[in-house]
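Read off the chains here:
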Amino acid sequence: MSNFTESVVEEAALEWLEAKGWTILHGPEIAAGMPSAERDDPDFRDVVLERRLRQSLQRLNWALSSDSIESALRKLTIVDASSLLERNRKAWKMLVDGVGVEITRPDGSLGGYPVRVVDYDKPENNDWVAVNQFTVREGQHVRRPDILLFLNGLPIAGIELKNATDEKATIWTAYDQFQTYKHQIPSLYVHNTLLCISDGMEARVG
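Engineer: Got a minute to help me understand the pairing of strand E4 (residues 128–132) in this structure?
Structural biologist: A regular strand carries its side chains on alternate faces of the sheet. Within E4, four of the five residues are buried, which leaves the element mostly enclosed by the surrounding structure. Pairing geometry for strand E1 (residues 23–26) and E4, over four bridges, is parallel. Considered in E4, the bridge of Thr 23 is made with Val 129. In this sheet, strand E7 (residues 147–151) lies alongside E4 in antiparallel orientation, the contact comprising five bridges. Paired with Val 131 across the strands is Leu 148, a residue of E7.

Structure (structure tokens):
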């Protein structure tokens, strides 16, 4: 039991996710400037894997023009509202109902069209990625959540892990850590739909 550390719990979680079909990436390896870069901002302010999001939108909406795809991408990455809760609600609605964009119909008229963000009928058509140690900078704060889950490039879930043998590091300290993250790096939680805390023995989701 003495070797049951937080890193062991993290590795176990990543192995389980990989067995379920998730692609596993490591935060330091996908930072801007790295050979396997998935991010563009060297200051770690980007929280969306934009290339994966664009490719997913193109794949799920193959008949739409590149302008329509780019319009949907902008709406997904820049979600504006007065509070994090309202931004989260707007992002959730786009995840569920699609992103409304204006298109030119075959008869030349303009009309609204919902760009699909997620394929709910065939989950295998989506891009599922788990990233550990993903650094985020917002304002004066720099944080590195344990594991983030990305669906089609959007950070939809977070997993925070603690060491079960450390009496001071319970799952509830992980819960408190999420509250800190939401205040200090709120941009990471605009698209969030699920939070999970665990010490490898107990777990809570919400």
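Engineer: Before we go on, may I ask you to explain helix H3 (residues 66–77) in this structure?
Structural biologist: Since the α-helix advances by 3.6 residues per turn, residues separated by three or four positions end up pointing in the same direction. The first and last C-alpha atoms of H3 sit 16 Å apart over twelve residues, in line with the 16 Å expected at 1.5 Å per residue. Buried within H3 are the following residues: Ser 68, Ile 69, Ser 71, Ala 72, Leu 73 and Leu 76. For H3, the secondary structure elements touched by its buried residues are helix H2 (50–60), helix H4 (84–97), strand E2 (99–104), strand E3 (110–115) and strand E8 (154–161).

Engineer: When you look at the packing of H2 against H3 in this model, what are you seeing that I'm missing?
Structural biologist: Packed helices, taken two at a time, are described by the angle their axes make and the gap between the axes. Orientation of H2 relative to H3, taken along the N-to-C sense of each, is 135 degrees, at an axis distance of 10 Å. Between H2 and H3, the crossing angle belongs to the class labelled oblique. For the crossing formed where H2 meets H3, the hand is right-handed. Contacts from Glu 50, Leu 53, Arg 54, Leu 57 and Gln 58 of H2 reach H3 at Ile 69, Glu 70, Ala 72, Leu 73, Leu 76 and Thr 77. Residues belonging to the contact of H2 with H3 are distributed by class as follows: six nonpolar, two polar and three charged.

Parameters at a glance
- Residues numbered from 1 in each chain as written.
- Predicted model: local features only at pLDDT ≥ 70, side-chain atom pairs only at ≥ 80, totals over all residues.
- Heavy atoms only, no water.
- Buried < 20%, exposed > 50% of the residue type's maximum accessible area, 1.4 Å probe, protein only.
- Helix = DSSP H or I, 4+ residues; strand = E, 2+ residues; numbered from the N terminus.
- Pairing = 2+ DSSP bridges.
- Expected span 1.5 Å × (residues − 1).
- Contact = heavy atoms within 4.5 Å.
- Axes fitted to C-alpha atoms, helices over the stretch in contact; angles between N-to-C directions.
- Parallel < 35°, antiparallel > 145°, perpendicular 65-115°, else oblique.
- Left-handed = near helix turned anticlockwise from the far one by under 90°.
- Nonpolar A, V, L, I, M, F, W, Y, C, P; charged D, E, K, R; others polar.

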